[in-house]
Amino acid sequence: MDATTSLSFRVRAQGPLACFVRPTLGSEKVSYEVMNPAAARLLLESILWKPALRWQIESISVLSPIVWATLHTRENGRITARRSAFADETQAQQDIKALRDVDYLIQAHMHLRLDRAGPGDDIRRFEEIFERRLHLKQYFHAPYLGCREFPAEVFPSDNPPTPIEPGIERSLGPMFYDVEYSPGLMRSLYFDARLASGVLHVPSLETILAAPAASPGQDAQRSL
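Each chain has its residues counted from 1, following the order in which its sequence is written. It should be noted that, the model being predicted, local features are given only for residues of pLDDT at least 70 and side-chain atom pairs only at 80 or more, the latter also being counted only at that level, while totals for whole chains, interfaces and linings use all residues. As a rule here, side-chain values cover all heavy atoms of the structure and leave hydrogens and water aside.

Caption draft 1: Summary view of the packing of aromatic side chains. Pairing of aromatic rings covers Phe, Tyr and the six-membered ring of Trp, with a centre-to-centre limit of 6.5 Å; geometry is then stacked below 30 degrees between planes, edge-to-face above 60, and tilted otherwise. Applying the stated criterion across every chain, the model contains six aromatic pairs. Ring pairs connect the aromatic residues Phe9, Trp55 and Phe130, which therefore count as one cluster. A cation over an aromatic ring shows up here: lysine 97 above the ring of tryptophan 68, its NZ or CZ 4.7 Å from the ring centre. Charge over a ring is defined by NZ of Lys or CZ of Arg lying within 6 Å of the ring centre and within 35 degrees of the ring normal. Its end group placed over the ring of phenylalanine 140, arginine 133 keeps NZ or CZ at 4.3 Å from the ring centre.

Written out as structure tokens, the structure reads:
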């Protein structure tokens, strides 16, 4: 561990509903089977965000069975669990394929970006700040599970339960990793996601950027 890399943190995130939207489906809101790295990063940034910090998600463990829920939203933004037979047909309507009763363990660490760091920025100090804010439930904004309508209960976890599907490995297909910003370019990055004994192991940003570019027409994707 160097002066720009923090210790690894283990953060538990639970909620009655979650939706980690697949960006390739346009206006449709269909969730991935599990939390994606970008959603995990946003959740951690709700606890601690600084311009000089970049969160690296290491793994996301799925601690409860994957259960789907079909939700319905009207033009006014109100979400209901099912479509009403007497819904006002003049209102715009959209179904959301979400997840129910989710429970995740996020393991991640911080990188100090020296090009953005100020004189007082120190990775050890940021470790202490994050731990304190996590324990005291101090947030920059309410943490959520993919969509702001789905709040998350967030807390530290040293002894989490065993992830689902022990001994089983399955492919989740191309998963949205995050957005890369560089001068004159903004592109979405993807990776080949696999759930191994209930754990999604997340490659580093450097690994994804070093991988061959994906085929054209896939939202400027890169995949492993």
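Having put the structure on the table, let's press on.
Caption draft 2: The arrangement of the nonpolar core in detail. Core analysis: the largest hydrophobic core is formed by 57 residues, its most contacted members being Met35, Phe130, Leu145 and Leu200. Here a strand is any run of E in DSSP of at least two residues, a helix any run of H or I of at least four, and the numbering for each starts at the N terminus. Counting residues per element, this core draws most heavily on strand E6 (residues 93-112), which supplies nine residues. Beyond its immediate chain neighbours, meaning those up to four positions away, leucine 200 contacts Val34, Met35, Glu58, Ser59, Ile60, Leu172, Met175, Phe191, Ala193, Arg194 and Leu195. Only buried Ala, Val, Leu, Ile, Met, Phe, Trp, Tyr and Cys residues count toward a nonpolar core, and they belong to the same one when joined by side-chain atoms within 4.5 Å. Relative accessibility under 20% of the residue-type maximum defines a buried residue, over 50% an exposed one, and the middle range a partly exposed one, all with a 1.4 Å probe and only protein chains included. Contacts are assigned to residue pairs that have any heavy atoms within 4.5 Å of one another.

Caption draft 3: A look at the layout of surface pockets. In this structure, the largest pocket spans a volume of roughly 850 Å³. As for the largest pocket, its lining consists of 32 residues, and the residues nearest its centre are Arg41, Asp178, Val179, Glu180 and Tyr181. At the level of elements, helix H1 (37-45), strand E3 (53-62) and strand E10 (169-182) are the ones that each hand at least two residues to the lining of the largest pocket. At seven residues, E10 tops the list of elements feeding residues into the lining of the largest pocket. A cavity here means a set of 1 Å grid points, computed over protein atoms only, where a 1.4 Å probe fits but cannot escape. A pocket is an open set with protein on both sides within 12 Å along at least 5 of 7 lines, and lining residues have an atom within 4 Å of a point. Grid points are joined across faces, edges and corners, and a volume is the space filled by probe spheres set on the points.

Caption draft 4: A look at the pattern of salt bridges. Each reported salt bridge corresponds to a side-chain nitrogen of Lys or Arg within 4 Å of a carboxyl oxygen of Asp or Glu. Following the criterion strictly, the structure yields eleven salt bridges and no others. Between arginine 100 and aspartate 101 there is a salt bridge whose closest N-O contact spans 3.8 Å. According to the relative accessible area criterion, aspartate 101 is partly exposed, its value standing at 47%. Of the charged contacts in the structure, one is a salt bridge between arginine 124 and glutamate 127, with a shortest N-O distance of 3.0 Å. In this pair, arginine 124 and glutamate 127 are both assigned in helix H2 (residues 123-136), three residues apart and thus about one turn of the helix distant.

Caption draft 5: Spatial organisation of the state of the cysteines. By disulfide we mean two sulfur atoms from cysteines, separated by a distance within 2.5 Å. Going through the model one piece at a time under the given rule, you end up with zero disulfides. A disulfide-free cysteine, cysteine 19 has its sulfur positioned 4.4 Å from the sulfur of cysteine 147, the nearest such atom. Accessibility expressed as a relative area gives 0% for cysteine 19, which makes it buried. Since its relative accessible area comes to 8%, cysteine 147 is described here as buried.

Caption draft 6: Highlighting empty space enclosed by the protein. Under the criterion given, the structure shown has one cavity of 30 Å³ or more. Looking at the largest cavity, its volume works out to about 50 Å³. Per element, the largest residue contribution to the lining of the largest cavity is five residues, and it comes from E6. Under the scheme applied here, ten amino acids are nonpolar (Ala, Val, Leu, Ile, Met, Phe, Trp, Tyr, Cys and Pro), four are charged (Asp, Glu, Lys and Arg), and all others, including Gly, are polar. For the lining of the largest cavity, the residue count by class is seven nonpolar, one polar and three charged.

Caption draft 7: Structural detail: the environment of isoleucine 66. For isoleucine 66, the location among the structural elements is in the loop between E3 and strand E4 (68-74). By relative accessible area, which is 25% here, isoleucine 66 ends up partly exposed. Separated by 35 residues in sequence, isoleucine 66 and aspartate 101 place their C-alpha atoms 8.4 Å apart. If near-sequence neighbours (up to four positions away) are discounted, isoleucine 66 is found in contact with Glu33, Val34, Leu99, Ile164, Arg170 and Leu195.

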